Amino acid sequence: MDNDLKIVRREQSARSRQHRGVLTQVIFECDALEVLRTEMDAGSAFDSLEFGDFSAVHFVIGGTPVFRTQHQSADLMPGDSIIFNDERPYTILNGAPSRSVILSILFKTFVTETRA
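Right, let's walk through the structure included here. Source: prediction; values computed, not measured.

1. Brief notes about the sheet that holds strand S3 (residues 33-40)
Stage number 1. Reading across the sheet, the six strands line up as S1-S2-S3-S10-S5-S8 and stay open at both edges, with antiparallel pairing between neighbours. Of all the strands in the sheet, just strand S1 (17-19) and strand S8 (81-84) have a single pairing partner and so form its edges. If you compare each strand with its neighbour and ignore which way they point, the axes differ by 20 degrees on average.
Stage number 2. Where strand S2 (residues 22-29) lies against S3, seven bridges are found, and the strand directions are antiparallel. Counted as the bridge partner of Phe-28 is Val-35 from S3.

And the structure:
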């Protein structure tokens with residue numbers, strides 16, 4: 001039998017963690033990208049710096065999180081997505097009374113290529 005399958009268990013990743021009402025699980029990671037699933041309790045928030053210095057696409061699965069940069073903010077709903085290409089920090093807030101769930105793709109190669 002061919003051993004081309006690679007199963008990644010969420011408890012095997014050192015980056016899966018829970019902190020201040022935010023549970024981040026690494027679903028997949030490789031040299032080029034990471035896929036994260038983040039659950040945010042009501043009233044919780046976290047900064048993009050916790051992800052690392054990567055370009056990112058965030059897709060809202062549940063809830064109504066707010067993505068805030070220094071100059072503007074965007075309220076997203078399930079099915080909405082937002083892209084961050086630059087290195088400026090942003091904050092994700094869950095001011096809603098229910099939990100928010102976000103699927104994020106972090107592009108590691110974009111940062112490496114722009115620095116080279």
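2. A word on the side chain of Ser-55
Stage number 1. Residue position: Ser-55 is located in strand S5 (residues 55-62).
Stage number 2. You can call Ser-55 buried: its relative accessible area is 4%.
Stage number 3. In this structure the side chain of Ser-55 is engaged in a polar contact, spanning 3.2 Å, whose partner is the backbone oxygen of Asn-85.

Parameters at a glance
Residues numbered from 1 in each chain as written. Predicted model: local features only at pLDDT ≥ 70, side-chain atom pairs only at ≥ 80, totals over all residues. Heavy atoms only, no water. Pairing = 2+ DSSP bridges. Helix = DSSP H or I, 4+ residues; strand = E, 2+ residues; numbered from the N terminus. Axes fitted to C-alpha atoms, helices over the stretch in contact; angles between N-to-C directions. Buried < 20%, exposed > 50% of the residue type's maximum accessible area, 1.4 Å probe, protein only. Polar contact = N/O pair within 3.5 Å; in protein donor to acceptor, adjacent residues only side chain to side chain.

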